[in-house]
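Each chain, letter by letter, is given below.
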Amino acid sequence: MAGGRMKYRHLGRSSAHRQALLRNLVTSLFEHESISTTWPKAKEAQKLAEKLITLGKKNTDASKRRALEIFYTPHRLLPKLFGELRERYETRPGGYTRVLRIEPLKPDMAPSAILELVDGPKDIRFAMTARTVARVRSEGKDLNEMTARNIDKVTRFRPGGEDSLEEMVERISELKVGERDNAGSEEVRWGGRV
């Protein structure tokens, strides 16, 4: 119907191709816990990933069969979904994934994004919040409202969240960042001189 509302992004692909693409993205997401892709693909894969984690939390035979149909490598990922991830998200009521916009990765300047599982070892917002807290403390300032809200968001459902944030802040504050002195060096990139 002309002018009708689209219920999902078609991504310029046929139905079978789109489903295969989303299955591949979700399989990679559960394997690596963080993937970079275009923003529309990330938003569509986020829907499927959220549904899979909800299936993992149910932990029934029917949910295991349904997850088996979606993953490309189910023998590796089913134990992770129904084991580690189920325990990680058992108290979280939703919002298991996060989409963060980044600079375009492709030469066509398509909007890019990072799709990640929250509260995992590769949680970018957790690391960015810890870096901000370390910087603010080193400057001797008080935390602003936005940083306090981010601290609450990243520690609310994470087991031992406040302790792990303090540990990350300590690790970041101990890092030594030197001045860049290689501006005049003859660096070789991509087979040429810069």
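Since this is a predicted model, take the numbers as computed values, not measurements.

## Regarding the sheet that holds strand E3 (residues 112–117)
Taking strand neighbours across the sheet as the criterion, the three strands line up as E1-E3-E2 in an open arrangement whose pairing is antiparallel. The open sheet has two edge strands, strand E1 (34–38) and strand E2 (97–102), and neither has a second partner. Averaged over all adjacent pairs, the angle separating strand axes in this sheet is 25°, with direction ignored. As judged from the five bridges shared by E1 and E3, these two strands associate in the antiparallel manner. Bridge assignment links Thr37 to a residue of E3, and that residue is Ala113. Running over the sheet, helix H1 (residues 15–32) touches E1, E2 and E3 and is turned about 150° from E1.

## Concerning the pairing of E3
Counting buried residues in E3 gives six out of six residues, a clear majority hidden from the surface. Here E3 shows two buried faces, one formed by Ser112, Ile114 and Glu116 and the other by Ala113, Leu115 and Leu117. Bridging between E2 and E3 involves six bridges; their strand directions are antiparallel. Note on E3: the bridge partner recorded for Arg101 is Ala113.

## As for unusual backbone geometry
One non-glycine residue with positive phi stands out, namely Asn59, at about 55°. Assignment of secondary structure puts Asn59 in the loop between helix H2 (39–58) and helix H3 (61–70). Backbone geometry at Asp119 places phi at a positive 60°, although glycine is not the residue there. The buried category is assigned to Asp119, whose relative accessible area is 9%.

## Section: the packing of aromatic side chains
The geometry of an aromatic ring pair is captured by two quantities: the separation of the ring centres and the angle between the planes. In the structure shown here, the tally under the stated rule is two aromatic pairs. Where Phe30 meets Phe71, the ring centres are 5.3 Å apart and the plane angle is 80°; that geometry is what we call edge-to-face. In this pair, Phe30 is assigned in helix H1 and Phe71 in the loop between H3 and helix H4 (74–88), connecting sequence segments 41 residues apart. Residues Phe30 and Phe71 agree in their burial class; the two are buried. Taking the centre distance of 5.3 Å and the plane angle of 55° together, the rings of Tyr89 and Tyr96 count as tilted. Here Tyr89 and Tyr96 have matching classes, each one buried. Positioned above the aromatic ring of Tyr72 is the side chain of Arg23, whose terminal nitrogen or guanidinium carbon lies 4.1 Å from the ring centre. Residue placement shows Arg101 over the ring face of Trp39; its charged tip is 4.1 Å from the ring centre.

## Some words on the environment of Glu116
With respect to the secondary-structure elements, Glu116 resides in strand E3. Overall, Glu116 belongs to the buried group, its relative accessible area being 0%. In this structure, the C-alpha to C-alpha distance between Glu116 and Thr97, residues 19 residues apart in sequence, is 5.6 Å. At 2.9 Å, the side chain of Glu116 and the side chain of Arg98 are in polar contact. A distance of 3.0 Å separates the side chain of Glu116 from the backbone nitrogen of Ile124, its partner in a polar contact.

## Let's talk about the nonpolar core
Grouped together as the largest cluster of nonpolar side chains are 29 residues, with contacts concentrated most on Phe30, Leu52, Phe71 and Leu81. Counting only elements with at least two residues in this core, the list comes to H1, H2, H3, H4 and E3. Broken down by element, the residue count for this core peaks at seven residues, all from H2. Residue contacts for Phe71: discarding those within four places in its chain leaves Arg23, Val26, Thr27, Phe30, Leu52, Leu77, Leu78 and Leu81. Grouped together as the second largest cluster of nonpolar side chains are nine residues, Phe126, Ala130, Ile151 and Val169 included.

About the criteria used
For every chain, the first residue of its written sequence is number 1, and the numbers climb from 1 along that sequence. Reporting in this predicted model follows two pLDDT cut-offs: at least 70 for local features of residues, and 80 or more for side-chain atom pairs to be given and counted; totals over whole chains, interfaces and linings ignore these cut-offs and use all residues. Excluded from the side-chain calculations are hydrogens and water; all other atoms, namely the structure's heavy atoms, are used. In this analysis, strands are considered paired if DSSP registers two or more bridges between them. A run of DSSP states H or I qualifies as a helix once it reaches four residues; a run of E qualifies as a strand once it reaches two. Both are numbered from the N-terminal end. A fitted line through C-alpha atoms represents every axis, and for helices the fit uses only the stretch in contact; the resulting angles, taken between N-to-C directions, go from 0 to 180 degrees. Contacts are residue-level and defined by heavy atoms, with any inter-residue pair within 4.5 Å sufficient. Partly exposed residues are those whose accessible area sits between 20% and 50% of the maximum for their type, while under 20% is buried and over 50% is exposed, using a 1.4 Å probe and protein chains only. Aromatic pairing here means that ring centres of Phe, Tyr or Trp (its six-membered ring) are within 6.5 Å. Orientation follows from the plane angle: under 30 degrees is stacked, over 60 is edge-to-face, and everything else is tilted. Two conditions define a charge sitting above a ring: the NZ of Lys or the CZ of Arg must be within 6 Å of the ring centre, and it must be within 35 degrees of the ring normal. N or O atoms within 3.5 Å of each other form a polar contact, as long as, within protein, one can give a hydrogen and the other can take it, and as long as residues adjacent in sequence are counted only when both atoms are side-chain atoms. By convention a nonpolar core is built from buried Ala, Val, Leu, Ile, Met, Phe, Trp, Tyr and Cys residues, the set being connected through side-chain atoms within 4.5 Å.

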